Amino acid sequence: MDDSFFSSAGDVARRLAEVGYLADHATAITVFLAGRLGKPLLVEGPAGVGKTELAKAVATATGSGLVRLQCYEGIDEARALYEWDYRKQLLRLQVDRAAGEAEWETERGHIFSEEFLLARPLLAAIRRTEPTVLLVDETDKADVEVEGLLLEVLSDFQVTIPELGTVVAERRPFVVLTSNATRELTEALKRRCLYLHLDYPDAARERAIVLERVPEVGEQLAEQVVRTVRALRAMELKKAPSIAETIDWARTLVALGLDTLDAGTVADTLGVVLKHTSDTTRAAAELRLQPAAGRPEAAS
């Protein structure tokens, strides 16, 4: 990535704020250094704290294209790097044979060409000449073998395709790898990255985020939403509410035309922030919630 995209940590914070991402100082300086040093940025933390949104915000703030590799159990080189379009290759072979061309060297040159190459996210990002942010999302869900592939690609920013040769990045992408820390990533991969741990923001920052994304919610209601979400996160839940769900809750209350969050409203709209029955049951019990029609007591 061109280091002129961000001139300083302050520039990072300002430009990310302009696209709706409020970065703290540690985040701003790490993003700046990742761009200046040309190193991948590994962002780790619980689900829903803004790791993926950070990569999207960097892309938007810098006018870069976003290429995303979504990792999952069982993802392989063909899905991450490239594969050949076998159906089109077979059709080409049939056409060539019908035309009397049967020599392998001739056929090989025909079917192993750009026309039949399907570039997946890693190769696509390396081949782009425009400013690019490469997001490798939820890296911890991929197998260790995929980490080995990432090491090869991110070390030299090049890919060797045996049939076509080596593709070297003309312009290195800004690389963001995210992890929910469901498993430990290899030390070899970590060594190649700058590291940033993101956690849930403090109350003041989360309130600022809510007001940035949902300005019509108002100071008082934003305060109540954030206070209630933080109470939910303090419980032993299967899935704690994310920042995105805090924002969704604020939007829900605005859509309902509400200007305060009482216990009845919390009970009626809890499904916006909690997505497991056991979590909803626990929250209702600990917050002593009743539906709005049942003479609610104020939410604490």
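Residues numbered from 1 in each chain as written. Predicted model: local features only at pLDDT ≥ 70, side-chain atom pairs only at ≥ 80, totals over all residues. Heavy atoms only, no water.

Trainee: Can you walk me through the state of the cysteines in this structure?
Mentor: In protein chemistry, a disulfide is the covalent bond that joins the sulfur atoms of two cysteines. Enumeration according to the criterion identifies zero disulfides in this entry. Among the cysteines around Cys 193, which has no disulfide bond, Cys 71 carries the closest sulfur, lying 12 Å off. (Disulfide = S-S within 2.5 Å.)

Trainee: What exactly am I supposed to notice about the packing of helix H11 (residues 219-233) against helix H12 (residues 243-255) here?
Mentor: For any two helices packed against each other, the geometry comes down to the angle between their axes and how far apart the axes lie. Here H11 crosses H12 at 140 degrees, and the two axes come no closer than 10 Å. Here H11 is positioned oblique relative to H12, judged by the angle of their axes. For H11 against H12, the interelement crossing comes out right-handed. Across the interface between the two elements, Leu 221, Val 225, Val 226, Thr 228, Val 229, Leu 232 and Arg 233 of H11 pack against Ile 243, Thr 246, Trp 249 and Leu 253 of H12. (Axes fitted to C-alpha atoms, helices over the stretch in contact; angles between N-to-C directions. Helix = DSSP H or I, 4+ residues; strand = E, 2+ residues; numbered from the N terminus. Parallel < 35°, antiparallel > 145°, perpendicular 65-115°, else oblique. Left-handed = near helix turned anticlockwise from the far one by under 90°. Contact = heavy atoms within 4.5 Å.)

Trainee: Whenever I open this one, empty space enclosed by the protein confuses me. Can you help?
Mentor: Which parts of space are left empty comes out when a probe the size of a water molecule is rolled across the atoms. Throughout the structure, instances matching the rule amount to three cavities of 30 Å³ or more. Volume-wise, the largest cavity comes out at about 50 Å³. If you go around the largest cavity, you meet eleven residues; those closest to its centre are Ala 34, Gly 38, Lys 39, Pro 173 and Phe 174. Looking at the lining of the largest cavity, the elements that each hand over two or more residues are helix H2 (25-37) and strand S8 (174-179). Class assignment for the residues of the lining of the largest cavity results in seven nonpolar, two polar and two charged. (1 Å grid on protein atoms, 1.4 Å probe; cavity = no way out; pocket = protein on both sides within 12 Å on 5 of 7 lines; lining within 4 Å. Points joined across faces, edges and corners; volume = space filled by probe spheres on them. Nonpolar A, V, L, I, M, F, W, Y, C, P; charged D, E, K, R; others polar.)

Trainee: Before we go on, may I ask you to explain helix H14 (residues 277-287) in this structure?
Mentor: Structural remark: α-helix, 3.6 residues per turn; residues separated by three or four positions point the same way. Within H14, burial applies to Asp 279, Ala 283 and Leu 287. Seen along its axis, H14 keeps its buried residues to an arc of 45 degrees; they face one direction. Projecting away from the buried face of H14 at angles above 90 degrees are the exposed residues Thr 277, Thr 281 and Ala 285. Looking one or two places after H14, you find Arg 288, whose phi comes out positive at around 55 degrees. (Buried < 20%, exposed > 50% of the residue type's maximum accessible area, 1.4 Å probe, protein only. Arc of directions from axis to C-beta.)

Trainee: Can you help me understand the side chain of Thr 27 in this one?
Mentor: Of note, Thr 27 is situated in helix H2. Note on Thr 27: relative accessible area 2%, which makes it buried. A distance of 2.7 Å separates polar atoms of two side chains, one belonging to Thr 27 and the other to Asp 24. Sequence-distant contacts of Thr 27, defined by excluding residues within four places in its chain, comprise Leu 54, Leu 196 and Leu 198. (Polar contact = N/O pair within 3.5 Å; in protein donor to acceptor, adjacent residues only side chain to side chain.)

Trainee: Teacher, can you tell me more about the confidence of the model for the protein chain here?
Mentor: Interpreting fine coordinate detail is not advised for predicted regions of low pLDDT. When pLDDT is averaged along the protein chain, the result is 89; 91% of the residues meet or exceed 70. With pLDDT under 50 throughout, residues 294-300 is counted as low confidence; its partners more than four residues away or in other chains account for twelve contacts. (pLDDT = per-residue confidence, 0-100.)

Trainee: What should I look at first to understand the environment of Leu 81 in this one?
Mentor: Residue position: Leu 81 is located in the loop between helix H4 (77-80) and strand S3 (82-84). Classification of Leu 81 as buried rests on a relative accessible area of 4%. Separated by 51 residues in sequence, Leu 81 and Thr 30 have C-alpha atoms that sit 27 Å apart. Beyond its immediate stretch of four places on either side in the chain, Leu 81 contacts Ala 119, Arg 120, Leu 122, Leu 123, Leu 149, Val 153 and Val 159.

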